[in-house]
Amino acid sequence: MNDLGRLEDLPPDYVAALRAQNLVPLWPSLRAVLPPIKPLPQTRATYWSYASLRPLLLQAGALTPIEKAERRVLVLANPGHGLEKMQASPAIYLGMQLLLPGEWAPSHRHTPNAVRMIVEGEGAYTTVDGEKLPMSRGDLILTPTGLWHEHGHDGDQPVVWLDVLDLPLVHYLEASYHINGARQTVKPGAADRRYARGGMLPTPGFQRAGSAYPMLRYPWVEARAALLSLAGELAADEPVQISYVNPETGGFAQNILAFYALMLRPGQTLQLPARSPSCVFHVIEGDATVQVNDQRFTLAPADTCCAPGYTPVMLVNLSSDKPAFVFMADETPLHQKLGVYETRD
Ligand code: 1HN
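Computed from a predicted model, the values in this text were never measured in an experiment. (Residues numbered from 1 in each chain as written. Predicted model: local features only at pLDDT ≥ 70, side-chain atom pairs only at ≥ 80, totals over all residues. Heavy atoms only, no water.)

Colleague: I'd love a proper account of the overall build of the protein, names of residues and values included.
Modeller: From N to C terminus, the protein includes seven helices and 23 strands. A compact globule built from 345 residues should have a C-alpha radius of gyration of about 20 Å, and the protein, at 22 Å, falls within 12% of that. For the protein, the spread of C-alpha atoms along the three principal axes comes to 70 × 50 × 50 Å. Counting across all 345 residues of the protein, residues that qualify as buried make up 48%. A separation threshold of at least 6 residues defines the contact pool for the protein, and within that pool the share at least 24 residues apart is 74%. If you sum the accessible surface of the protein, you get close to 17,300 Å²; carbon and sulfur atoms cover 56% of it. (Helix = DSSP H or I, 4+ residues; strand = E, 2+ residues; numbered from the N terminus. Rg over C-alpha atoms; globule rule 2.2 N^0.38 Å. Buried < 20%, exposed > 50% of the residue type's maximum accessible area, 1.4 Å probe, protein only. Contact = heavy atoms within 4.5 Å. Areas by Shrake-Rupley, 256 points an atom, 1.4 Å probe, with all protein chains shown as cover.)

Dropping the structure here:
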């Protein structure tokens, strides 16, 4: 590989003359923006322990009333990007949100897409587009772009969930904004009951929903049962994984990020190939290690980690007699739409 000319090789008055006209020579920066063979990610493999962050999140509950926060969240920030950027990866934002009994996080809508993975506590709910969605451990709740959403809590213990948004990307596009709204009127019905069984779609009046987001809540009891059923079907060396999809189309549930649940059989080691999108892992049940390059994280329930793209990841279930269940989020729909998605051996 030939060495390209450096900025220091140019006469300072020439560089100053360029700068005065908002001009920049490409060649000193070409290798940085177009590295050979593989990108140079800023995203660092990073681990967040729930046991360690939980007391700080509860402390936020004591320090800052919900009215002063709107959303009481500790952001899981990737040091590779700089903590102030509040991003886990190029397109993924992660935060742990606390709602205390009786609190209400008022209605708003915004351009970034969000999902919530419920981590602990019972009795809270999110109302999305007029649908009241109860929150229980492991449930996945969608808040797609533009839909009104607010959170309430009728229980008597703190509720915590993991927010996953495509905020870094939408902010980068200078397309991120919100609008505040009034408390929503709740409509009757629950889409997770309308779409209760795989392969069977509601067809009132001979019409399928055709809505971009027909299902907003994916109960963990259903996802867990689907994984156990799949595990009984597949050979022992096949990955046991489901995708959260739009039940009307089979496509990913949202436009930019994808969401999955994975079951690791007792003692299973699962090698995930290197793929272009960055990825997030969050343990719902069990104990597992996640190895990214030379770093190995040990995840207990509710622990979270992330891995940069183009990097193989190895998952190991640490139990020899119980399955482990892992929630995953990645940037696959975005990479596929942009035509940059790839898998490497
Ligand atoms: C948001 O609207 C929520 O509605 C949570 O709970 C986290 C982070 C950035 C921007 C909007 C919520 C958020 C957010």
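So, next bit.
Colleague: Can you tell me about the site of the ligand, naming the residues and giving the values?
Modeller: In the vicinity of the ligand, the contacting residues are R71, Y93, Q97, H108, H110, R116, H149, H151, D163, L165 and L167. In the environment of the ligand, an oxygen atom lies 2.7 Å from a nitrogen or oxygen atom belonging to the side chain of R71. The separation between an oxygen atom of the ligand and a polar side-chain atom of H151 is 2.6 Å. Expressed as a share of its isolated accessible area of 330 Å², the protein-covered part of the ligand is 85%. Listing elements by their share of the shell around the ligand, those giving two or more residues are β3 (93-99), β4 (104-110), β9 (149-153) and β10 (159-165). Broken down by class, the residue content of the shell around the ligand amounts to three nonpolar, five polar and three charged. (Near = heavy atom within 4 Å. Polar contact = N/O pair within 3.5 Å; in protein donor to acceptor, adjacent residues only side chain to side chain. Nonpolar A, V, L, I, M, F, W, Y, C, P; charged D, E, K, R; others polar.)

Colleague: Can you break down the environment of R72 residue by residue, with the values?
Modeller: Positionally, R72 belongs in the loop between α3 (50-63) and β2 (73-75). By relative accessible area, R72 is classed as buried at 3%. Separated by 28 residues in the primary sequence, R72 and L100 have C-alpha atoms spaced 9.8 Å apart. Dropping the residues within four chain positions of it, R72 is found in contact with L57, A60, G61, T64, P65, I66, M96, Q97, L98, L99, L100 and E103. At 3.0 Å, the side chain of R72 and the backbone oxygen of T64 are in polar contact. A polar atom in the side chain of R72 sits 2.6 Å from the side chain of E103.

Colleague: Lay out the side chain of T46 with the relevant residues and their values.
Modeller: In this fold, T46 is placed in strand β1 (residues 46-48). Relative accessible area serves as the criterion here: at 9%, T46 is assigned to the buried category. Once residues within four sequence positions are removed from consideration, T46 is found in contact with N78, P79, F297, T304, C305 and C306.

Colleague: Give a description of the packing of aromatic side chains that names residues and reports values.
Modeller: Overall, the coordinates contain six aromatic pairs when judged by the stated rule. A centroid spacing of 6.3 Å and a plane angle of 85 degrees characterise the contact between F252 and Y260, whose relative ring orientation is edge-to-face. One aromatic cluster in this structure is built from Y218, Y244, F259 and F327. (Phe/Tyr/Trp six-rings, centres within 6.5 Å; stacked < 30°, edge-to-face > 60°.)

Colleague: Would you mind going over the layout of surface pockets in detail, with residue names and values included?
Modeller: In this structure, the largest pocket spans a volume of roughly 830 Å³. Within the residue set of the lining of the largest pocket, elements represented by two or more residues are α4 (167-172) and α7 (332-338). By residue number, the principal contributor to the lining of the largest pocket is α4, which donates five residues. Residues that form the lining of the largest pocket fall into these classes: 15 nonpolar, nine polar and three charged. Here the second largest pocket defines a volume of roughly 550 Å³. Elements with a contribution of two residues or more to the lining of the second largest pocket: α5 (191-194), α6 (220-233) and β13 (240-243). The element that contributes the greatest number of residues to the lining of the second largest pocket is α6, accounting for three residues. Across the lining of the second largest pocket, the residue classes tally to 13 nonpolar, three polar and four charged. (1 Å grid on protein atoms, 1.4 Å probe; cavity = no way out; pocket = protein on both sides within 12 Å on 5 of 7 lines; lining within 4 Å. Points joined across faces, edges and corners; volume = space filled by probe spheres on them.)

Colleague: Give a detailed account of the nonpolar core, specifying residues and quantitative values.
Modeller: L94, M96, L140, V164, Y244 and F259 are the most contacted members of the largest nonpolar core, which has 60 residues in total. The leading source of residues in this core is β10, at five residues. Those residues in contact with L94, other than ones at most four positions away along the chain, are W48, V75, L76, A88, L162, D163, V164, V280 and T304. One finds C279, C305, V313 and A324 within the second-largest nonpolar core, a separate group that totals 22 residues. (Core = buried A, V, L, I, M, F, W, Y, C linked by side-chain atoms within 4.5 Å.)

Colleague: Describe the environment of F297, with residues and values.
Modeller: Relative to the assigned elements, F297 resides in strand β19 (residues 295-299). For the pair F297 and W48, spaced 249 residues apart in the sequence, the C-alpha separation amounts to 9.5 Å. Those residues in contact with F297 that lie beyond four places of it in its chain are A45, T46, Y47, A288, T289, V290 and C305.

Colleague: Mind laying out the pattern of salt bridges, listing which residues take part and the relevant values?
Modeller: Tallied over the full model, the rule gives 12 salt bridges. A salt bridge links R72 to E103; its shortest N-O distance comes to 2.6 Å. With a gap of 31 residues between them, R72 in the loop between α3 and β2 and E103 in the loop between β3 and β4 connect regions that are remote in the sequence. For E103, a relative accessible area of 14% puts it in the buried group. As a salt-bridge pair, R116 and D163 come within 2.4 Å of each other at their nearest N and O atoms. Taken together, the positions of R116 in strand β5 (residues 114-120) and D163 in strand β10 put the pair 47 residues apart, joining distant regions of the chain. Each of the two residues, R116 as well as D163, counts as buried. A network of salt bridges, in which partner residues are shared, links R6, E8 and D9. (Salt bridge = Lys/Arg side-chain N within 4 Å of Asp/Glu carboxyl O.)

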